[in-house]
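Residue-level structure breakdown
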Amino acid sequence: VKIGAGLAMGSISLVALGLDSLLDLAAAVVAFLGIRVASHPPDANHPFGHGKAESLSAAVAGGLIFVTAAIVIVEAVRRILSGVSPHLLELGMGVMLVSLTVDLALSRYLFRVARQTESVALEADAWHLATDVYTSLGVLVGLGVVRLTGFNLLDPLIALGVAGLILKSGWSVTRKSWSGLLDERLPAAEEGIIAAAILEHGREMVGFHQLRTRRSGSVRYIDLHLVLEKSVTLEQSHSLCDHLEADIKVRLPHSVVNIHCEPPEERRG
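This text gives an overview of the structure that appears in the document. Everything numeric in this text was worked out from a predicted model, so none of it was measured. (Residues numbered from 1 in each chain as written. Predicted model: local features only at pLDDT ≥ 70, side-chain atom pairs only at ≥ 80, totals over all residues. Heavy atoms only, no water.)

Put simply, helix 7 (residues 188-199) and helix 8 (residues 234-251) touch, their axes get as near as 10 Å, and they point 145° apart. In this structure, the crossing between helix 7 and helix 8 has a hand that is right-handed. Across from Ile193, Ile194, Ala196, Ala197 and Ile198 in helix 7, the residues of helix 8 making contact are Leu244, Asp247, Ile248 and Arg251. Taken together, the residues of the contact of helix 7 with helix 8 sort by class into seven nonpolar, no polar and two charged. (Axes fitted to C-alpha atoms, helices over the stretch in contact; angles between N-to-C directions. Helix = DSSP H or I, 4+ residues; strand = E, 2+ residues; numbered from the N terminus. Left-handed = near helix turned anticlockwise from the far one by under 90°. Contact = heavy atoms within 4.5 Å. Nonpolar A, V, L, I, M, F, W, Y, C, P; charged D, E, K, R; others polar.)

Strand order in the open sheet formed by three strands is 1-2-3, and the pairing between neighbours is mixed. The sheet is open, and its two borders are formed by strand 1 (207-216) and strand 3 (255-262), each paired with just one other strand. Going from strand to strand, the sheet's axes swing by 10° on average, the running direction of each strand aside. Direction of pairing for strand 2 (residues 219-227) relative to strand 3: parallel, over a ladder of eight bridges. (Pairing = 2+ DSSP bridges.)

Turning our attention to the nonpolar core. Burial of nonpolar side chains together is a common tendency in soluble globular proteins. Among the nonpolar cores identified, the biggest contains 21 residues, and Met96, Val139, Leu143 and Val162 are the most heavily contacted of them. Sorting the residues of this core by element identifies helix 1 (2-9), helix 2 (12-38), helix 3 (52-82), helix 4 (89-117), helix 5 (120-149) and helix 6 (154-181) as the ones contributing at least two each. What Met96 contacts, discounting residues up to four positions off in sequence, is Lys2, Leu14, Leu17, Ser136, Val139, Leu140 and Leu143. Judged by nonpolar contacts, the second largest core, of 16 residues, contains Met205, Leu226, Leu252 and Val257. (Core = buried A, V, L, I, M, F, W, Y, C linked by side-chain atoms within 4.5 Å. Buried < 20%, exposed > 50% of the residue type's maximum accessible area, 1.4 Å probe, protein only.)

Attention shifts here to a nonpolar patch on the surface. Residues Leu56, Val60, Phe66, Ile73, Val77, Leu81, Leu167, Trp171, Trp178, Leu181 and Leu182 make up a contiguous nonpolar surface patch of roughly 1,000 Å² in combined accessible area. Considering each element in turn, the nonpolar patch owes the most residues, six residues, to helix 3. (Patch = residues over 30% accessible without salt bridge, like charges linked within 9 Å, V, L, I, M, F, W, Y side chains within 5 Å. Areas by Shrake-Rupley, 256 points an atom, 1.4 Å probe, with all protein chains shown as cover. Salt bridge = Lys/Arg side-chain N within 4 Å of Asp/Glu carboxyl O.)

A few words on the pattern of salt bridges. The full count for this structure, using the stated rule, is six salt bridges. For Glu200, the salt bridge identified is with Arg251, shortest N-O distance 2.6 Å. Linking Glu200 in the loop between helix 7 and strand 1 with Arg251 in helix 8, this pair joins segments that are 51 residues apart in sequence. When its relative accessible area of 31% is taken as the criterion, Arg251 is described as partly exposed. Look at the salt bridges and you will find they share partners, linking Glu200, Asp247 and Arg251 into a network.

So, on to the side chain of Glu245. Mapped onto the elements, Glu245 comes out in helix 8. Summary of buried charges: Glu245 has no salt-bridge partner, and the nearest side chain of opposite charge, Lys249, is 4.7 Å away. (Lys, Arg positive; Asp, Glu negative; His and termini not counted.)

For the rest of this paragraph, the subject is the pairing of strand 1. Bridge count for strand 1 against strand 2 is eight bridges, and the pairing is antiparallel. Within strand 2, the position partnered with Ser216 by the bridge is Val219. A loop of two residues connects strand 1 with strand 2, the two strands running antiparallel in sequence, and Gly217 in this loop sits at a positive phi of about 65°.

Given below as structure tokens:
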């Protein structure tokens, strides 16, 4: 609808939003495929599961966003140089009102589901739609100003602003996908939660070290070395590890915790 109205009006800002919405459809398909693959359980060839498929789909969505922004920029510059004026502005304003309402409702729903499932692919899609809300509002206001003032140059200038927001959204989505693909450590706040859970068991251990964390899709992987007194039995250490793993999983759902127990180092005299 946006693309059709934009072409009928001769409005590049509306066509830009139409291309962005077309990209939303492509991104949603990519996210669907990524989440579907990521939901497959571990198998012989993928013992850690398929969670990285989500990050890969988010990376593809980020690439599509950059391509769309480039198309919009090129066309907006061409319109500035040629001086084409939009018309039928009331049609475009009506389309923007409908679009803004739909995007706002859908983005809020996707954010809620993304938080519940901790899905990076859904979060990427939600951020893209949230960006559409602001861009639609900007285009709506811009068309209103053009209608009142006749300042036609504002239309391609708004399109360039839309392209800038699209690029910002693309960078955010791509950056987050890289962190999953390259096994970046969990955020400092989450590692702080892990450390706090471990230190609550301070009376039962000497200390811990070599804490390693990463994320694959919605699953967090946590490895650490737990230092125990030599007097601690195998049964006691096993019980402590089970309790600690359960405690961490309560605080950070969707976690896989691997704990290696070891005795304290011998003091050298």
